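Each chain is listed here by its residues.
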Amino acid sequence: MRCGYNLKDWFLSFCKTGIRLGISRLNGSTINHTTMLKNYIRIAWRNIVRHKAYAGLNIAGLAIGIAACLLILQYVSFELSYENFQEHRDRLYRVQQDRFDNGKISTRWVDGAYAVGNSFKAAIPEIDRYVKVIETSPVVSEIDGRVVKTENVFFASSEFFNVLTMPLLAGDKDKALLEPWQLAISESTARTLFNSTDVIGKSLALNRNSNYTITAVYRDAPVNTQLRPAMLLSYESFRKLYGGGDGDPETAWTSDGCLTYLTLLPGTDPSVVEKKFVPVVDKAVGEFMKEYNAGVTYHLQPVSDIHLHSNFIGEPGPTGDGRTTYLLLGIAFVIVVIAWVNYINLATARAITRAREVGVRKAIGSQRKQLVMQFMTESALLNGLAVGLALLLMVIAIPGFNAISGQELTVNLFGSRSFLLALAALFITGVVFSGLYPAFVLSGFKPIDVLKGKMGGTSQSVWLRKSLVVFQFAASLLLLIGTVVVYKQIRFMRSEKLGIEIDQTLVVRPPVVGVDSTYLQKMGAFKNELAKFGSVKAVAVSTSVPGEKVGWNAGGIKLTGAPVSTQSQYRVIGMDYDFIPAYNLKMIAGRAFSKDFGSDNRSVIFNRRGIEQLGFSDPAKALGKKIDFWGEVYTIEGVTENFHQQSLREDFEPLIFRLIPDVRGYMSVKIPGADLQKTLSSIQSGFAAYFPGNTFEFFLLDDHFARQYKADQRFGEVFLLFTTLAVIVACLGLFGLASFTTIQRTREIGIRKVLGASVGSILQLLYREFVLLFFVAFLLAAPVAWLLTSGWLDNYAFRIGVHWSWFVWPFLLLIVLAILTVSIQSVKAALANPVRSLRSS
C-alpha cells in the first residue's frame, strides 16, 4: 500500500509540475511576442516620425490609390447590385424575343408576344409562376380639384407580387390584381394623390373615362431595379379594354408589347427550358412564320444580368453598360497597384540609408525573420495611416464624385458590410504586396558587406525596380490615351451634323385626356392660334421626335406583288403635313406630304436606308411603287436623306413616314430667337384652353437629344479623374526611383564634377535612364491602347478613327511630367558641392 501510494503521489506531482512549466513557458512566450510586437510598432513609428517626407509621400500615394479604388468599387458594386433584392433572383428570368426576316434578325424585343407567358406555363412543367407586364401611357387623375399626371404605369397580371419582390403596405398580394378595374399604387404615388397610404377601397378615375378601385399599396421600388412602377392596373382590365373580338392577348403571338417574367422550379436548368420553347412556338405560329419566311425565338434573361447586359427594344427603364462598368473596375485595380508599386519603389530607394541599421542589428544577433517582421510592421502602420487618410479623402470627395458619376453615395456606406470587406481586403493585400519585397530586400543585407560600405543592389532587384516603373508609366499612358479617345468620340458625337434640325425646338408632350373624335379639330385650331405668334415659326405633330427610339415597329412590309421572302421590318413615324418642312428634312427624291394632293393619306415616304432595304440603290426608281403595309396598299411618294433619330451610337434605321393628319403625339414648336418664357406662357395658355384636364409638360429638343450622351459624358469625366490620380501616384513612384538612383550615384556625380563635368551633362546622364524606361513603357502601352480603344469605339455605329497623334501627345505630356519629377532630386544632386558628395558617400 505504501509503495502504491508513493507511485501515485509521484505521478500526480510530475503532472502538476509539467503543467506549471507548460503554462509558465506559454505565458513567457506570449509576453515575449507581445513585447516584441510593441517594440516593432515603436521602432516603426520612430522611423516614420524621423523621416516625415518619406512617410508623407508613401502615405499620400497609398491614400490616393486606396480612396480612388474604394470609390470606383462602390460605383461598380452599385451597378452589380441591380435586382439583388429580388427574393427569387437565382431562378427569376425575363423572356426575350428575337424576330427574323429571311433568316436574319430583324428586331430584338423584351416586350414580346402577349401569349408567351400563359402558353409556356401550360406546356412546360419546370415553370413555377409567370407574370405579364404591359407598359401603358401616362394617366391623368383629378383629385380634389388637382390634375395629377402619373408616369410609369403598367398593366400586370395577378401573380405580379409573387414573382417580383415588391412588399405590400396594404392589400392581399394574391387578390390585388385578380379582377378587372383593380389598381395597385406605390407608396409615393398614394401620398402624391391622397397624402396618405390608407387608400384601400378608394376609387380613382383615370383619364376621365376609367374608374379603378385601389386594392393594394406597395413600397416604392429601390433605385437598383429597372422596373419601378408608380401604378399597376390589373391585366384583366387590359383584356377588357383591348381584347375584344379576336384580339384576346392570351392567344396573340404576332403582336408585341408584353414583358414576361417567370420563375423556374428550384434546380431547373434554364437552357433545358429554352429548348422546350421551340415546339410550343412551332405549334402556335410555325406555319404562319414559314408562309411569310419569318421566324421567332425566345430566350431567358436572368434578371440579375438585365441592367448591364440588355439593351433591346421595349426596355421598361434605363440600362447600364457592362463594358464600361468592368473597365472602371479594371482602372480601380490599376490605380491601387500603382500605389503599391509606388510604396515598393520608395522603400527600396531608402534601402541604402537603412543598410547600416540592418547591418548593426544583424551583427548583434537579430535574425532575418525578426527584421522581416519589423519591416512588415512598418508597412502595416503606413498602410493603416493611409487607410485613415483615404477615408478622410473619401468624405471630402464623395459630393464631387456623385456630381460626376450620378451616384448617390453617402458616408453611411462606411458602415456597410461590403465596404468594410473591401477596405479590409485592400489593407491586407497592400501590407503583404507592398511590404513583403522591401522587407526581404532590406533584411537580406549582409552585415560584413554593409559595414564595409558594399551596399550595391543585385541586378535582379535593379531590374525589378525598373520594371515596376515601366509598369506604372505604361498603365498611366494607357489611361491617358484612353481619356483622349473617349473625349474625342464624345466631342465628335456632340458636334456631328444630325441631318435634321433640332435647335430652338420646344416639344410639348401629348394630351391624354379628351383625345376623341374632336381631336383633329382641336389640334388644328391650336396650331392656327400658335401660328399667330410671331415667335413661332412652325408647329408639327408626330408619334416620335429625335432623341429616342421609334416605338412603332411594322413587319411584313414588301413591294406589292413581290414574293413573301422579300418582306422586312421597318420603324414607322406617324406625322402631320408640317413635320418634314418643320424639321427641314432633306428630300433626295420625290416630295413631302402636301395638302395639295388629296391622295397622300395613302402615301408614304421612306428614308434612304429604308429604300435600300426595299431593294433600290437609286431612290428615284422607288417613286410611285406600291407597298403592302398591314393589309393596305400605299404609294411611295418621296425619299429623305438618312438622319440621326438617336445618338451616334446607333446606326441609321429603315424608316417609313406615314401621313396621319389627326396623329396623337408630340407637338414640336419651332421658336427661333424667341423669348422662351413669354412664348412658353402663351403656348401653355392655348394648350389649357384646347386640352383641359391635361398637365402641360414640355422639353427642349436639343437638351432631350443631348441626354443620350449623358452616360458617355459621365464616363469620360470619371475616366479623366482617375487617370489624373493614377499619373500623380505614378510620379510619386518615379520620385522614389529617382531618389534611389541619385543616392547610388552620389560618388560618381562628385567625381564627374571634379573632373569638369557640367551640370547639364550630369542631368543628361541621370535623365537618360528614365527616358529609356519611358520609351519601353510607350512601346508596351501603345499597341494595347490601340486594341482597347478600337474595341471600345466599335460599340458606336458612327465613330472616329484612331489617330497617331493621340498616342504621341499623351506620351510627351508624361515625359514632361516625369522629367519634372526626376529633376527634384537630379538637379539637387547635380548642383551639390562635389567635395561634400565625396565625403558623405
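Residues numbered from 1 in each chain as written. Predicted model: local features only at pLDDT ≥ 70, side-chain atom pairs only at ≥ 80, totals over all residues. Heavy atoms only, no water.

**Considerations on the overall build of the chain**
Phase 1 of the analysis: Per the secondary structure count, the chain includes 24 helices and 25 strands.
Phase 2 of the analysis: Counting the 841 residues in the chain, one finds 49% classified as buried.
Phase 3 of the analysis: Counting contacts in the chain only where the partners sit at least 6 residues apart, residues at least 24 apart contribute 80% of the total.
Phase 4 of the analysis: Taken as a whole, the chain presents about 39,500 Å² of accessible surface, with 58% of it coming from carbon and sulfur. (Helix = DSSP H or I, 4+ residues; strand = E, 2+ residues; numbered from the N terminus. Buried < 20%, exposed > 50% of the residue type's maximum accessible area, 1.4 Å probe, protein only. Contact = heavy atoms within 4.5 Å. Areas by Shrake-Rupley, 256 points an atom, 1.4 Å probe, with all protein chains shown as cover.)

**Overview of the pairing of strand S23 (residues 655-659)**
On a regular strand, each side chain points to the face opposite its neighbour's, so the side chains alternate between the two faces of the sheet.
Phase 1 of the analysis: S23 sits mainly inside the fold: 4 of its 5 residues count as buried.
Phase 2 of the analysis: One ladder, built from 5 bridges, connects strand S18 (residues 568-575) with S23; its direction is parallel. In the sheet register, Met575 faces S23, and the bridge partner there is Leu659.
Phase 3 of the analysis: Bridge count between strand S20 (residues 603-607) and S23: 3 bridges; the pairing is antiparallel. (Pairing = 2+ DSSP bridges.)

**Focus: the environment of Asn311**
Phase 1 of the analysis: You can see Asn311 is positioned in the loop between helix H8 (303-309) and helix H9 (322-349).
Phase 2 of the analysis: Put simply, Asn311 and Val110 are 201 residues apart on the chain and 8.9 Å apart in space, counted from C-alpha to C-alpha.
Phase 3 of the analysis: Sequence-distant contacts of Asn311, defined by excluding residues within four places in its chain, comprise Thr319, Lys549 and Glu650.

**What about the pairing of S18?**
Phase 1 of the analysis: Among the 8 residues that make up S18, 8 are buried, leaving the element largely enclosed by the rest of the structure.
Phase 2 of the analysis: With burial as the criterion, each face of S18 is covered, one bearing Ser568, Tyr570, Val572 and Gly574 and the other bearing Gln569, Arg571, Ile573 and Met575.
Phase 3 of the analysis: Two elements, strand S17 (residues 552-559) and S18, share 4 bridges in a ladder whose sense is antiparallel. Each bridged residue has a counterpart across the sheet, and for Asn553 the counterpart in S18 is Arg571.

**Regarding the layout of surface pockets**
To locate leftover empty space, one rolls a probe as large as a water molecule over the atoms.
Phase 1 of the analysis: Approximately 410 Å³ is the volume attributed to the second largest pocket.
Phase 2 of the analysis: Surrounding the second largest pocket, 22 residues form its lining, Leu498, Ile500, Glu501, Ile502 and Asp503 being those nearest its centre.
Phase 3 of the analysis: For the lining of the second largest pocket, the elements supplying multiple residues, two or more each, are helix H14 (459-495), helix H16 (579-582) and helix H19 (701-706).
Phase 4 of the analysis: Broken down by class, the residue content of the lining of the second largest pocket amounts to 10 nonpolar, 4 polar and 8 charged. (1 Å grid on protein atoms, 1.4 Å probe; cavity = no way out; pocket = protein on both sides within 12 Å on 5 of 7 lines; lining within 4 Å. Points joined across faces, edges and corners; volume = space filled by probe spheres on them. Nonpolar A, V, L, I, M, F, W, Y, C, P; charged D, E, K, R; others polar.)

**Topic: a positive patch on the surface**
Phase 1 of the analysis: Together, Lys38, Arg42, Arg46 and Arg50 line one region of the surface with positive charge.
Phase 2 of the analysis: Here Arg50 lies in helix H1 (residues 2-50). (Patch = residues over 30% accessible without salt bridge, like charges linked within 9 Å, V, L, I, M, F, W, Y side chains within 5 Å. Salt bridge = Lys/Arg side-chain N within 4 Å of Asp/Glu carboxyl O. Lys, Arg positive; Asp, Glu negative; His and termini not counted. Charge placed at Lys NZ, Arg CZ, Asp CG, Glu CD.)

**Points about helix H6 (residues 235-242)**
Phase 1 of the analysis: Residues of H6 that are buried: Tyr235, Ser237 and Phe238. For H6, the angular spread of buried residues about the axis comes to 150 degrees, placing them on one side.
Phase 2 of the analysis: In this fold, the buried residues of H6 make contact with strand S4 (127-136), strand S7 (153-156), strand S9 (182-186), strand S11 (210-218) and strand S12 (231-234). (Arc of directions from axis to C-beta.)

**Describing the packing of helix H3 (residues 116-123) against helix H7 (residues 270-291)**
Phase 1 of the analysis: Close contact between H3 and H7 brings their axes to 10 Å; oriented N to C, the two are set at 115 degrees. Compared by their axis directions, H3 and H7 come out roughly perpendicular. The two elements H3 and H7 meet at a crossing, and its hand is right-handed. The residues of H7 that touch H3, namely those facing Ser119, Phe120 and Ala123, are Phe277, Val280 and Val281. (Axes fitted to C-alpha atoms, helices over the stretch in contact; angles between N-to-C directions. Parallel < 35°, antiparallel > 145°, perpendicular 65-115°, else oblique. Left-handed = near helix turned anticlockwise from the far one by under 90°.)

**Quick notes on a nonpolar patch on the surface**
Phase 1 of the analysis: On the surface, a nonpolar cluster with roughly 480 Å² of combined accessible area is contributed by Leu389, Leu392, Leu393, Val395, Ile396 and Val411.
Phase 2 of the analysis: Taking relative accessible area as the criterion, Leu392 reaches 48% and is therefore assigned partly exposed.

**Notes on the packing of aromatic side chains**
Phase 1 of the analysis: Scanning the model with the defined rule gives 37 aromatic pairs in all.
Phase 2 of the analysis: Judged by centre distance (4.0 Å) and plane angle (5 degrees), the ring pair of Phe120 and Phe277 falls under stacked. On the criterion of sequence distance, the pair formed by Phe120 in helix H3 and Phe277 in helix H7 is long-range, its members being 157 residues apart.
Phase 3 of the analysis: A relative accessible area of 2% places Phe277 in the buried class.
Phase 4 of the analysis: Each ring, one from Trp253 and one from Tyr298, has its centre 6.1 Å from the other, and the planes form 70 degrees; the classification is edge-to-face. (Phe/Tyr/Trp six-rings, centres within 6.5 Å; stacked < 30°, edge-to-face > 60°.)

**Some thoughts on a negative patch on the surface**
Phase 1 of the analysis: On the surface, Glu501, Asp503, Asp702 and Asp703 cluster together into a patch of negative charge.
Phase 2 of the analysis: Position of Asp703 among the secondary structure elements: in helix H19.
Phase 3 of the analysis: Note on Asp703: relative accessible area 43%, which makes it partly exposed.

**Observations regarding the pattern of salt bridges**
Phase 1 of the analysis: Per the stated rule, a full pass over the model turns up 24 salt bridges.
Phase 2 of the analysis: Here Arg129 ties to Glu159 by a salt bridge, and the two come within 2.9 Å at their closest N and O atoms. Of the two residues, Arg129 sits in strand S4 while Glu159 sits in the loop between S7 and helix H4 (160-163), which places them 30 residues apart along the sequence.
Phase 3 of the analysis: Measuring nitrogen to oxygen at the nearest pair gives 3.4 Å for the salt bridge that ties Glu653 to Arg571. Placement of Glu653 in the loop between strand S22 (632-640) and S23 and of Arg571 in strand S18 is noted, with a sequence separation of 82 residues between them.
Phase 4 of the analysis: We classify Glu653 as partly exposed; its relative accessible area is 25%.

**Points about the nonpolar core**
Phase 1 of the analysis: Phe473, Phe657 and Phe722 are the most contacted members of the largest nonpolar core, which has 117 residues in total.
Phase 2 of the analysis: Leave out the neighbours within four places in its chain, and Phe473 touches Ala730, Cys731, Leu734, Phe774, Ala777, Leu814 and Ala818.
Phase 3 of the analysis: Core analysis: the second largest hydrophobic core is formed by 24 residues, Val110, Val131, Tyr218 and Ala221 among them. (Core = buried A, V, L, I, M, F, W, Y, C linked by side-chain atoms within 4.5 Å.)

**A few points about H3**
Phase 1 of the analysis: Restricting attention to buried positions, one finds in H3 the residues Val116, Gly117, Asn118, Ser119 and Phe120.
Phase 2 of the analysis: Of the surrounding secondary structure, the elements contacted by the buried residues of H3 are strand S1 (92-101), strand S3 (111-113), S4, strand S13 (256-264), H7 and strand S14 (294-302).

**Describing the packing of helix H15 (residues 519-531) against helix H18 (residues 676-690)**
Phase 1 of the analysis: Closest axis-to-axis distance for the H15/H18 pair is 10 Å, and the angle between their directions is 160 degrees. One finds that H15 runs roughly antiparallel with respect to H18. The element H15 and its partner H18 pack so that their crossing is right-handed. Taking contact as the criterion, the partners of Lys522, Ala525, Phe526, Glu529 and Leu530 in H15 are, on H18, Ile683, Gly686, Phe687 and Tyr690.
Phase 2 of the analysis: Counted by class, the contact of H15 with H18 contains 6 nonpolar, 1 polar and 2 charged residues.

**Details of the side chain of Asn162**
Phase 1 of the analysis: As for its placement among the helices and strands, Asn162 is situated in helix H4.
Phase 2 of the analysis: Judged by its relative accessible area of 11%, Asn162 falls in the buried class.
Phase 3 of the analysis: Within the structure, Asn162 has its side chain in polar contact with the side chain of Lys173 (distance 3.5 Å).
Phase 4 of the analysis: Ignoring sequence-local partners within four residues, the contact set of Asn162 consists of His88, Arg129, Lys173 and Asp174. (Polar contact = N/O pair within 3.5 Å; in protein donor to acceptor, adjacent residues only side chain to side chain.)

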